[in-house]
Amino acid sequence: MPHKVQSHPDEARHSGTEYGSADFLVVSNRLPVDRIPTATDDGGWRRSPGGLVTALAPVMAVRDGAWVGWHGAPDETLDPFHHENMDLIPVPLSHDEVELYYEGFSNSTLWPLYHDVIAPPEFHRTWWDAYQRVNRRFAAAAAGAAAKNATVWVQDYQLQLVPRYLRQLRPDLRIGFFNHIPFPPPEIFAQLPWRQAIINGLLGADLIGFQRPNDTANFLRSARRFLGASVKAQQVHVKENDGSVSHIARAEPFPISIDVRQIQELAERPDIIARARQIRADLGNPKTILLGVDRLDYTKGITHRLKAYGELLTDGVITVQDAALIQVASPSRERVETYRLLREEVEGMVGRINGQFDTISNTAIRYLHHNYPVEEMVALYLAADVMLVTALRDGMNLVAKEYVAARSNNTGALVLSEFTGAADQLKQALLVNPHDIDGLKAIITRAIELSPAESSRRMRSMRRQILTHDVERWSQDFLTALQNEAVRDDR
Ligand code: G6P
């Protein structure tokens with residue numbers, strides 16, 4: 001049932017005595033909608049691609065839910081609005097906050113720190129101040145919209161202080177948090193000048209979810225080391241200032257997945273199958289098509305992949321007549337310097353390799369710096385004999401799972417970095433350490449030459465895993481555990 005949202009995120013602090021009407025709230029940095037670029041009026045929104053919203057939209061519809069998040073434009077305050085059965089509560093960010101909180105602390109401090117310091121994280125007090133301020137604003141918006149005893153599910157690294165702020169405003173709420181990216185080992189997390197505040201922020205939740213058991217263990221080790229917390233059976237007894245126990249926070253792994261049904265349905269659509277055929281034909285019907293699909297991010301190991309591919313061409317192991325690599329690199333965080341530099345590096349490499357190996361009729365690498373709709377992505381998955389996922393560190397990597405879900409005839413090979421969360425589940429992938437360029441070359445060669453029998457055996461086993469673990473199951477598992485956690489706490 002649709003309902004009216006009773007408060008506005010930009011209102012001053014929540015008093016702690018008024019309640020909103022939503023009994024299930026999701027809080028994430030971005031709202032699950034994008035503006036349609038050509039639309040002229042306010043109705044011009046469409047649902048963003050991605051599994052999270054697919055999994056949560058039905059829960060919202062049943063439970064009188066609302067979603068709190070930024071709508072993606074700076075210096076713009078929007079009223080709450082309704083879209084496809086969801087109440088959306090936009091949180092405004094100023095131009096400066098986009099720079100300091102989003103591009104700064106979230107994506108130039110936390111992102112590299114949590115991804116094995118592949119790029120050096122920067123620590124600036126002004127960024128930290130903005131991070132706290134914006135996290136307070138998200139917490140106030142959620143506090144104003146949540147009904148008494150509602151469930152609130154906070155998402156990802158941009159909002160790690162929200163659970164604590166929210167509990168301070170609304171101790172009646174049941175609060176969950178899920179971290180979509182890795183949680184680093186304490187030896188790396190130690191660098192963060194505000195490490196205690198971040199752990200305290202997360203411990204405001206009743207249940208803290210991570211992608212892998214390793215991330216969970218890293219977090220609990222950090223809680224012990226930096227806060228002196230006593231951890232038993234993945235639980236922390238969180239104390240008030242006077243030493244009394246305020247609540248029990250539990251940390252647990254919940255590996256996220258994809259909307260399997262959507263990918264499978266698209267993979268069976270005749271127009272998408274025809275499009276896949278067309279893609280192959282447009283590339284000159286080479287024996288092997290290899291595919292990489294990534295946000296243009298330094299964590300994805302795109303340069304390692306290109307280096308290995310370029311060397312295989314130089315060595316004559318592959319030729320442009322026999323093989324083509326399609327690399328989709330979707331634009332991301334383009335105002336952040338490290339991302340700009342990466343784009344130059346990747347495009348320089350592609351240019352050099354193509355310059356050396358292309359012929360008039362064949363290309364070594366078809367590089368595409370675009371966003372594509374999911375239909376085109378599935379056509380690419382169907383067209384590709386070999387999928388290359390070579391991330392240096394990745395919380396999960398849903399592209400790997402989508403490729404597997406699309407391959408209903410059990411053909412194709414998945415080369416998968418062992419540093420992705422997905423490697424925990426897709427054990428029959430061709431696993432690789434992407435830092436080892438010789439190893440990467442060997443595994444790409446093996447993927448190209450994989451026998452149909454072995455390819456089918458591996459794909460069947462991976463499909464069994466994916467088909468029984470979709471994103472809906474993930475969200476149900478998390479919400480059930482959150483429910484149980486709160487019940488345990490009440491006793
Ligand atoms: C990762 C993060 C998400 C983020 C997405 C896109 O998957 O875990 O929280 O939304 O990247 O990045 P962006 O900065 O464009 O939101």
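Just so we're clear, the structure is a prediction, and the values are computed from it rather than from any experiment. (Residues numbered from 1 in each chain as written. Predicted model: local features only at pLDDT ≥ 70, side-chain atom pairs only at ≥ 80, totals over all residues. Heavy atoms only, no water.)

> Explanation requested: the domain arrangement of the chain in the structure shown.
In many reports, interface size means the accessible area that the parts give up when they come together. Split by domain assignment, the chain resolves into domain 1 (22-256 + 473-490) and domain 2 (260-469). When each unit is reduced to the centre of its C-alpha atoms, the spacing between domain 1 and domain 2 is 31 Å. Contacts between domain 1 and domain 2 engage 22 residues on the former and 21 residues on the latter. Taken together, the two surfaces of domain 1 and domain 2 that pack against each other cover about 1,800 Å², and 57% of this comes from carbon and sulfur. When residues of domain 1 are sorted by the area they lose upon contact with domain 2, Trp111, Ile118 and Arg212 head the list and together hold 29% of the total. Counting every contact that joins domain 1 to domain 2 gives three salt bridges. (Domains from an automatic or database assignment. Contact = heavy atoms within 4.5 Å. Buried area = accessible area lost by both parts, 1.4 Å probe. Salt bridge = Lys/Arg side-chain N within 4 Å of Asp/Glu carboxyl O.)

> Explanation requested: the packing of aromatic side chains in the structure shown.
Any pair of aromatic rings gets described here by the distance separating the centres and the angle formed by the planes. Inspection of every chain in the model, using the stated rule, returns 23 aromatic pairs. Between the aromatic rings of phenylalanine 105 and tyrosine 131, the centroid separation amounts to 4.6 Å while the plane-to-plane angle is 45°, which identifies the pairing as tilted. You can see phenylalanine 105 sitting in helix H2 (residues 95-114) and its partner tyrosine 131 sitting in helix H3 (residues 125-145), a full 26 residues away along the chain. When sorted by exposure, phenylalanine 105 lands in the same class as tyrosine 131, which is buried. (Phe/Tyr/Trp six-rings, centres within 6.5 Å; stacked < 30°, edge-to-face > 60°. Helix = DSSP H or I, 4+ residues; strand = E, 2+ residues; numbered from the N terminus. Buried < 20%, exposed > 50% of the residue type's maximum accessible area, 1.4 Å probe, protein only.)

> Please clarify how the site of the ligand should be interpreted in this entry.
Around the ligand lies a shell formed by Arg30, Tyr102, Asn107, Asp156, Tyr157, Gln158, His180, Ile181, Arg295 and Arg333. Note that an oxygen atom of the ligand is positioned 2.5 Å from one of the side-chain N or O atoms of tyrosine 102. For the ligand, an oxygen atom lies 2.9 Å from a polar atom in the side chain of arginine 333. Protein chains shield 69% of the accessible area of the ligand, which is 380 Å² for the free molecule. Taken together, the residues that form the shell around the ligand break down as three nonpolar, three polar and four charged. (Near = heavy atom within 4 Å. Polar contact = N/O pair within 3.5 Å; in protein donor to acceptor, adjacent residues only side chain to side chain. Areas by Shrake-Rupley, 256 points an atom, 1.4 Å probe, with all protein chains shown as cover. Nonpolar A, V, L, I, M, F, W, Y, C, P; charged D, E, K, R; others polar.)

> Before we go on, may I ask you to explain the environment of isoleucine 273 in this structure?
As for its placement among the helices and strands, isoleucine 273 is situated in helix H9 (residues 270-282). When near neighbours in sequence (up to four residues on either side) are disregarded, isoleucine 273 contacts Ala267, Glu268 and Leu382.

> Help me out: how do you make sense of the sheet that holds strand E6 (residues 86-90) in this one?
Two orientations exist for strands paired in a sheet by backbone hydrogen bonds: parallel and antiparallel. What the ten strands build is an open sheet, ordered E5-E6-E4-E1-E7-E8-E9-E12-E11-E10; its pairing is mixed. Pairing within the sheet leaves two strands with one partner each, and these edge strands are strand E5 (81-83) and strand E10 (231-232). Of the pairings in the sheet, the one linking strand E1 (residues 22-30) to strand E4 (residues 65-70) comprises five bridges and is parallel in character. Bridging from a neighbouring strand, phenylalanine 24 pairs with glycine 65 of E4. Seen against the sheet, H3 touches E1, E4, E6 and strand E7 (146-155) and runs at an angle of roughly 160° to E1. (Pairing = 2+ DSSP bridges. Axes fitted to C-alpha atoms, helices over the stretch in contact; angles between N-to-C directions.)

> What should I look at first to understand the nonpolar core in this one?
Among soluble globular proteins, nonpolar side chains are generally buried collectively. Membership of the largest hydrophobic core comes to 104 residues, with the highest contact counts inside it found for Phe138 and Phe219. The dominant element in this core, judged by the number of residues it contributes, is H3, at eleven residues. Setting aside residues up to four positions removed in sequence, phenylalanine 138 forms contacts with Val27, Ser28, Asn29, Val68, Gly69, Trp70, Val91, Tyr101, Leu159 and Val162. One finds Phe24, Met396, Ala400 and Ala406 within the second-largest nonpolar core, a separate group that totals 69 residues. (Core = buried A, V, L, I, M, F, W, Y, C linked by side-chain atoms within 4.5 Å.)

> Honestly, unusual backbone geometry in this entry has me stumped. Any pointers?
Peptide bonds are mostly trans, and most non-glycine residues show a negative phi. Its identity is not glycine, yet aspartate 75 carries a phi of approximately 55°, on the positive side. Along the polypeptide, aspartate 75 turns up in the loop between E4 and E5. At asparagine 149, a residue that is not glycine, the phi angle is positive and equals roughly 60°. For asparagine 149, the location among the structural elements is in strand E7. A relative accessible area of 49% places asparagine 149 in the partly exposed class.

> I keep staring at the layout of surface pockets and nothing clicks. Help me out?
Rolling a probe over the atoms, with the probe sized like a water molecule, indicates the empty space that remains. Quantified by volume, the second largest pocket comes out at close to 270 Å³. Lining the second largest pocket are Arg164, Arg167, Gln168, Pro171, Gly204, Val238, Lys239, Glu240, Asn241, Ser246 and His247. Of all the elements in the fold, those that place two or more residues in the lining of the second largest pocket are helix H4 (162-169), strand E11 (235-239) and strand E12 (245-253). Element by element, the count of residues in the lining of the second largest pocket is highest for H4, at three residues. (1 Å grid on protein atoms, 1.4 Å probe; cavity = no way out; pocket = protein on both sides within 12 Å on 5 of 7 lines; lining within 4 Å. Points joined across faces, edges and corners; volume = space filled by probe spheres on them.)

> Help me understand helix H7 (residues 213-227) in this model?
For the α-helix, the turn length of 3.6 residues means that residues three or four positions removed from each other point alike. An ideal rise of 1.5 Å per residue puts 21 Å on 15 residues; H7 measures up with 21 Å between its terminal C-alpha atoms. Within H7 the residues assigned to the buried category are Asp215, Thr216, Asn218, Phe219, Leu220, Ser222, Ala223 and Phe226. Check the buried side of H7 and you find it contacts helix H5 (186-189), helix H6 (195-202), strand E9 (207-210), E10, E11 and E12. (Expected span 1.5 Å × (residues − 1).)

> Got a minute to help me understand the sheet that holds strand E18 (residues 430-432) in this structure?
The six strands lie next to each other as E15-E14-E13-E16-E17-E18, forming an open sheet whose pairing is parallel. With one partner strand each, in any of the chains shown, strand E15 (365-368) and E18 form the two edges of the open sheet. Adjacent strand axes in the sheet meet at a mean angle of 20° when their direction is disregarded. One ladder, built from two bridges, connects strand E13 (residues 288-295) with strand E16 (residues 386-389); its direction is parallel. Pairing of leucine 291 across the sheet is with methionine 387, part of E16. Relative to the sheet, helix H11 (residues 337-357) contacts E13 and E15, its axis offset from that of E15 by approximately 155°. Together, E13, strand E14 (323-330) and E16 form the strand contacts of helix H12 (residues 374-383), whose direction differs from that of E13 by roughly 145°.

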